[in-house]
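# Fold and geometry: a report
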Amino acid sequence: MKGMDLTSLVTILQQGIWQVFKLTAPVLGAALIIGLIIAIFQATTSIQEQTLTFLPKLFTIFLVLALLGGWMFTSMGTFTTRLFEQISKM
């Protein structure tokens, strides 16, 4: 395969977007769930402190990164290796 045709470029872009989604979904999902729980707590107790939402979300994000960080780096490394292999074939 010589040169880069439109199909291979679109495939690479799709794989990159899917990789970004796959790596960010657990972190954003956990932060969303914690934010929703805290919002329900604030609504039921009438506590409207803005800093109350910050620390639990921050700790949740750090916890998810600590638990899934190895998988994230492995997944990104595999994607990068595959990307360079595809580029070298073009």
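One structure accompanies this document, and this report is about it.

The rules behind each value
- Residues numbered from 1 in each chain as written.
- Predicted model: local features only at pLDDT ≥ 70, side-chain atom pairs only at ≥ 80, totals over all residues.
- Heavy atoms only, no water.
- Helix = DSSP H or I, 4+ residues; strand = E, 2+ residues; numbered from the N terminus.
- Rg over C-alpha atoms; globule rule 2.2 N^0.38 Å.
- Buried < 20%, exposed > 50% of the residue type's maximum accessible area, 1.4 Å probe, protein only.
- Areas by Shrake-Rupley, 256 points an atom, 1.4 Å probe, with all protein chains shown as cover.
- Expected span 1.5 Å × (residues − 1).
- Bend = angle between axes of the 7 residues up to and from the residue.
- Contact = heavy atoms within 4.5 Å.
- Polar contact = N/O pair within 3.5 Å; in protein donor to acceptor, adjacent residues only side chain to side chain.

### Regarding the overall build of the protein
- A tally of regular secondary structure across the protein gives two helices and zero strands.
- Taking 90 residues into account, the globule formula puts the C-alpha radius of gyration at 12 Å, and the protein, at 19 Å, lies well above it.
- Taken over the C-alpha atoms alone, the protein extends approximately 65 × 25 × 15 Å along its principal axes.
- Residues classed as buried in the protein amount to 19% of the 90 residues present.
- Roughly 6,800 Å² of accessible area belongs to the protein as shown, and the carbon and sulfur atoms make up 76% of that amount.

### Considering helix α1 (residues 6-45)
- Its 40 residues place the ends of α1 56 Å apart at the C-alpha level, agreeing with the 58 Å of an ideal helix rising 1.5 Å per residue.
- The largest bend along α1 measures about 40° and falls at A25, with the proline P26 one to four residues further on.
- Buried residues belonging to α1 abut α2 (51-89).
- Positioned one or two residues after α1, S46 has a phi angle of 60°, which is positive.

### Brief notes about the side chain of T60
- On the secondary structure map, T60 appears in helix α2.
- For T60, a relative accessible area of 15% corresponds to the buried category.

### A short note on α2
- Of all bends in α2, the biggest is about 60°, found at L68.
- Turning to α2, its buried residues are T60, V64, G69, M72, S75 and F79.
- Looking at the packing, one finds that the buried side of α2 touches α1.

### So, the environment of S75
- Tracing the backbone through its elements, the reader meets S75 in helix α2.
- C-alpha of S75 to C-alpha of K22: the two residues are 53 residues apart in sequence and 9.2 Å apart in space.
- A polar contact is formed between the side chain of S75 and the side chain of Q19, at a distance of 2.8 Å.

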